Amino acid sequence: MQDLGLSHLWSQGDFVMRATAIILLIMSLLSWIVILTKAWDLIRLKKMAHGAEKRFWHSDDFDHALDTLGANDANPFRMLAVTGREAAQHHRASQPQLHDALDISDWLTRSLKSAIDEAVARMQSGLAILASVGSTAPFVGLFGTVWGIYHALIGIGASGVPTIDKVAGPVGEALIMTAFGLAVAIPAVLGYNALSRGNKGVISKLNRFAHDLHAYFVTGARVRPTTGGTRANDASVRLAVKNKVSSADAGRRAAWRSDEPFA
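A brief structural summary.

It is worth spelling out the overall build of the protein at this point. Broken down by element type, the protein carries nine helices and two strands. The order of helices and strands in the protein, counted from the N terminus, is α-α-α-α-α-α-α-α-β-β-α. In the protein, which comprises 263 residues, the share counted as buried stands at 40%. Surface summary for the protein: the accessible area is close to 14,400 Å², and the carbon and sulfur share equals 63%.

Now the structure itself:
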């Protein structure tokens, strides 16, 4: 009886078979590193989002509100708040420059949008690896199988004994590479889908937080979700802003819904 299995496949395989197995192993390691790392980051981001929703808007002043977000510069909610404050201060202090033609509302919109884009880019970094592994690993494994079957048939033909046991063993052994490719691809695809879904939830909260910050820096009050056809203002946090938008622009901004993408 033939001694078949992974060890036999590795010992009897040529350079191409071994290289294919090593490539699949590297792809598997990379995908699991990305999955575990991004999953940990996603858990941290959800905790940051919870803190921004529950504690930030119940502070006495803006500096104390920033303290509730911690001192971690990687916190996208803290980055949004700092960016909004710096944009408002810069707009007030730079009136003689060319961009004074923009009102504070448009200036804040651009600044907050840039901060969100930067945060989203960091959140989605590494997901391309999972997408690539999930889409290519099955074909890499299939290539190893085809190559193994080809050499198995060559060996069987050279031996001159084409019996079923001589054919089934090497061919079945070569199919291990296809299974290996699927074992690499399936976790990568599932991880990509799970992380993408989790990132969408955090991005939605970032957009809502940016809408609230925009309303806060422009009008001095946070935009609250619609309840019973009315929109209430949270007066727990106030900011003295010298440049107020016109009444028409304020009405247009107040009509925004906080769950729409910030743009």
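Still to come is the rest of the account.
Time to look at the pattern of salt bridges. Evaluation of the coordinates by the stated rule reveals three salt bridges. In this structure, the salt-bridge partner of D41 is R44, at a minimum N-O distance of 3.5 Å. With D41 and R44 both in helix 2 (residues 15-54) and three residues apart, this pair spans about one turn of that helix. Note on D41: relative accessible area 25%, which makes it partly exposed. The exposure class of R44 is partly exposed, given its relative accessible area of 27%.

Turning to a nonpolar patch on the surface, a few remarks are in order. Together, I22, I26, L30 and I129 give the surface a local cluster of nonpolar side chains, amounting to about 320 Å² of exposed area. Top contributing element to the nonpolar patch by residue count: helix 2, with three residues. With respect to the helices, strands and loops of the structure, I22 is situated in helix 2. Judged by its relative accessible area of 42%, I22 falls in the partly exposed class.

For the rest of this paragraph, the subject is the nonpolar core. Counting residues in hydrophobic clusters, the biggest one holds 51 residues, and the most contacted among them are F56, F62, F77, L80, A81, F209 and L213. For this core, the secondary-structure elements that each account for two or more residues are helix 2, helix 3 (62-68), helix 4 (76-93), helix 5 (104-124), helix 6 (127-159) and helix 8 (176-219). It is helix 8 that provides the largest number of residues to this core, a total of 14 residues. Once residues lying within four places of it in the same chain are set aside, the contact partners of F62 are F56, A81, R85, L213, Y216 and F217.

Another aspect to go through is the side chain of S31. Take S31: it is sitting in helix 2. S31 gets classed as buried once you look at its relative accessible area, which sits at 1%. In terms of polar contacts, S31 uses its side chain to reach the backbone carbonyl oxygen of S28, at 2.8 Å. For S31, the residues in contact, after removing those within four places along its chain, are L130, V133 and A188.

Moving on: the packing of helix 2 against helix 8. Put simply, helix 2 and helix 8 touch, their axes get as near as 9 Å, and they point 20° apart. If you check the angle between helix 2 and helix 8, you find them roughly parallel. Considering how the two elements wind past one another, helix 2 and helix 8 form a crossing that is left-handed. Across the contact of helix 2 with helix 8, the residue classes break down as 21 nonpolar, seven polar and five charged.

On to helix 5, then. Helix length check: helix 5 (21 residues) gives 30 Å between terminal C-alpha atoms against 30 Å at 1.5 Å per residue, within 8%. The complete set of buried residues in helix 5 reads I104, S105, W107, L108, T109, S111, L112, A115, I116, A119, V120 and M123. With its phi angle positive at about 95°, G126 sits one or two positions after the end of helix 5.

Under the criterion given, the structure shown has five aromatic pairs. The interplanar angle of 50° and the centroid separation of 6.2 Å between the aromatic rings of W147 and Y150 together place this pair among those described as tilted. Placement of the pair is W147 and Y150 together in helix 6, with a separation of three residues, close to one helical turn. Take W147: its relative accessible area is 27%, and that puts it in the partly exposed class. Put simply, the rings of F56, F77 and F209 touch in pairs and so form one group of aromatic residues.

What counts and what doesn't
Residues numbered from 1 in each chain as written. Predicted model: local features only at pLDDT ≥ 70, side-chain atom pairs only at ≥ 80, totals over all residues. Heavy atoms only, no water. Helix = DSSP H or I, 4+ residues; strand = E, 2+ residues; numbered from the N terminus. Buried < 20%, exposed > 50% of the residue type's maximum accessible area, 1.4 Å probe, protein only. Areas by Shrake-Rupley, 256 points an atom, 1.4 Å probe, with all protein chains shown as cover. Salt bridge = Lys/Arg side-chain N within 4 Å of Asp/Glu carboxyl O. Patch = residues over 30% accessible without salt bridge, like charges linked within 9 Å, V, L, I, M, F, W, Y side chains within 5 Å. Core = buried A, V, L, I, M, F, W, Y, C linked by side-chain atoms within 4.5 Å. Contact = heavy atoms within 4.5 Å. Polar contact = N/O pair within 3.5 Å; in protein donor to acceptor, adjacent residues only side chain to side chain. Axes fitted to C-alpha atoms, helices over the stretch in contact; angles between N-to-C directions. Parallel < 35°, antiparallel > 145°, perpendicular 65-115°, else oblique. Left-handed = near helix turned anticlockwise from the far one by under 90°. Nonpolar A, V, L, I, M, F, W, Y, C, P; charged D, E, K, R; others polar. Expected span 1.5 Å × (residues − 1). Phe/Tyr/Trp six-rings, centres within 6.5 Å; stacked < 30°, edge-to-face > 60°.

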